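# What the coordinates show
One-letter residues, chain by chain:
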Amino acid sequence: MIGIRIASASEAGARPGNEDDLRHGVAHNGHYAVLADGAGGHRRGAEAARRAVDCIERLLRDDAVAFSPANLTQIVRLAHSELLHHQDSERAEARMHSTIVVLWIDVQAGHVLWTHVGDSRLYRIRHGRADVVTVDDSVVQRLVQAGVISVEQSRQHPRKNELVAALGMDGEIEPHTVVRPVELLEGDAFLLCSDGWWDGFDDEALVDSLARALSPQAWLDDLAGQVRARQALRQDNYSAIAVWVGDPGEVTQP
C-alpha cells in the first residue's frame, strides 16, 4: 500500500489575525485535507473558515459516508448551509464567507477526489510538473478566461481578491468536484493553499522547492521561508497543506 504523508503550515503574515483554517487526518473513509480562507465583517472570517472546516471534517470522518464525488459535493453544500444558518446580519459587509478546497484519498483503491469553491487552490506535482487542478472562482480568473487580460496582468489587477463564489454567499453554490475518482500515482505531491500562499509562486518555484525537500514539512518550511523573505507590506494570511504519496523525490523527477 502506498504511504501517505501530510504536513501543514499557517501564518498570519502582515495581518492582525489569521482567518485561514485547515485540517488533515485519516479516517475509515480515507485520508483527507481541508483548507479554508475566511472573510467577513467584525473578523467573522475566522469563524467562517472554522465552521466550514469543522463541518467538512466531521462528515469526512463519518463511516456512513462513502468515498464518491457525489458525497464530496454534498459535504461542501452542507458546509455552505452551515455558514448561511449562522449569518447574523443582512449587511453584505458584515456577512461571513469562506473559500474551501478539499482533497480526499482512498489509498486502497488508488484514487483521489478533490473539490473547491473560491480561490484557494490545489496543485498536483507529478513527474516534475506542477498543474493547478482547480480554477479560481474570481473576477480576475473570468477576465483571464475571456482573454481580456493575461495571467501576468492578473497578478497586479485591482480586483484580484474579488470572488464570484464562496461558502456563505447568498444563494446556492456549485462545488467544483471532479466527476470521477482520479488515479493516484506513487510520487504524486499535492499542495492545497490559500491565495496568500500561492500568489507569490509560479509553477517552477513549487517544483524547484519540492526537489530540495526531504519531507512534506520541509517542503512547506522552504516555501513559507520564501514568503517571509519577500517581506510584502500587506502580506495576507498564508496557509498550505502538503500531501505526499510515497516519495516524490524518487519518482517524480523527469
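Our subject is the structure that appears above.
Residues numbered from 1 in each chain as written. Predicted model: local features only at pLDDT ≥ 70, side-chain atom pairs only at ≥ 80, totals over all residues. Heavy atoms only, no water.

## Some points on the packing of helix H1 (residues 44-60) against helix H2 (residues 69-85)
Applicable threshold: To define axes, lines are fitted to C-alpha atoms, for helices over the stretch in contact only, and angles between the resulting N-to-C directions are given on a 0 to 180 degree scale. Secondary structure is summarised from DSSP: a helix means a run of H or I of at least four residues, a strand means a run of E of at least two, and numbering begins at the N terminus for each. We call a crossing left-handed when the near helix sits turned anticlockwise from the far one by less than a right angle, and right-handed when that turn is clockwise. Two residues form a contact once any of their heavy atoms are found within 4.5 Å. When residues are sorted by character, Ala, Val, Leu, Ile, Met, Phe, Trp, Tyr, Cys and Pro go into the nonpolar class, Asp, Glu, Lys and Arg into the charged class, and all the rest, Gly among them, into the polar class.
Between H1 and H2, the shortest axis-to-axis distance is 9 Å and the interhelical angle comes to 145°. Read as a crossing pair, H1 and H2 show a hand that is right-handed. Here Ala48, Arg51, Ala52, Cys55, Ile56, Leu59 and Leu60 of H1 lie close against H2, whose contacting residues are Leu72, Ile75, Val76, Leu78, Ala79, Glu82 and Leu83. Residues of the contact of H1 with H2, tallied by class, amount to 12 nonpolar, no polar and two charged.

## Regarding unusual backbone geometry
Convention followed: Here the term buried applies to any residue with accessible area under 20% of the maximum for its type, exposed to any over 50%, and partly exposed to those in between, with areas from a 1.4 Å probe on protein chains only.
We note that histidine 127 has phi near 55°; this positive angle belongs to a residue other than glycine. Mapped onto the secondary structure, histidine 127 falls in the loop between strand E7 (121-126) and strand E8 (129-132). Judged by relative accessible area, which is 47%, histidine 127 ranks as partly exposed. The phi dihedral of glutamine 231 is positive, around 50°, even though this residue is not glycine. Overall, glutamine 231 belongs to the exposed group, its relative accessible area being 66%.

## A look at the nonpolar core
What counts, and what does not: The term nonpolar core refers to a set of buried residues drawn from Ala, Val, Leu, Ile, Met, Phe, Trp, Tyr and Cys, joined through side-chain atoms within 4.5 Å.
Ile100 and Leu103 are the most contacted members of the largest nonpolar core, which totals 47 residues. If we skip the residues at most four places from it in the chain, isoleucine 100 touches Val34, Leu35, Ala36, Ala52, Val53, Ile56, Val76, Thr115, His116, Val117 and Leu167. If you look at the next biggest cluster of nonpolar residues, it comprises 24 residues, including Tyr123, Leu206, Trp219 and Ala242.

## Here we look at the packing of aromatic side chains
Rules: Stacked, edge-to-face and tilted are the three classes for Phe, Tyr and Trp ring pairs, Trp counted by its six-membered ring, which pair at centre distances within 6.5 Å; planes under 30 degrees apart are stacked, over 60 edge-to-face, the rest tilted. Working rule: Lys NZ or Arg CZ, within 6 Å of ring centre, within 35 degrees of ring normal, means a charge sits over the ring.
With the rule as written, the count across this model stands at three aromatic pairs. Summarising the aromatic geometry, the rings of tryptophan 114 and phenylalanine 190 are spaced 6.5 Å apart at their centres and angled 50° between planes, so their arrangement reads as tilted. Of this pair, tryptophan 114 sits in strand E6 (residues 111-117) while phenylalanine 190 is found in strand E10 (residues 189-193), placing the two residues 76 residues apart along the sequence. The exposure classification of tryptophan 114 matches that of phenylalanine 190, with both residues buried. The positively charged end of arginine 121 is found above the aromatic ring belonging to tryptophan 198, 3.4 Å away from the centroid. In this arrangement the basic side chain of arginine 230 is found over the ring face of phenylalanine 201, its NZ or CZ atom lying 4.9 Å from the centre.

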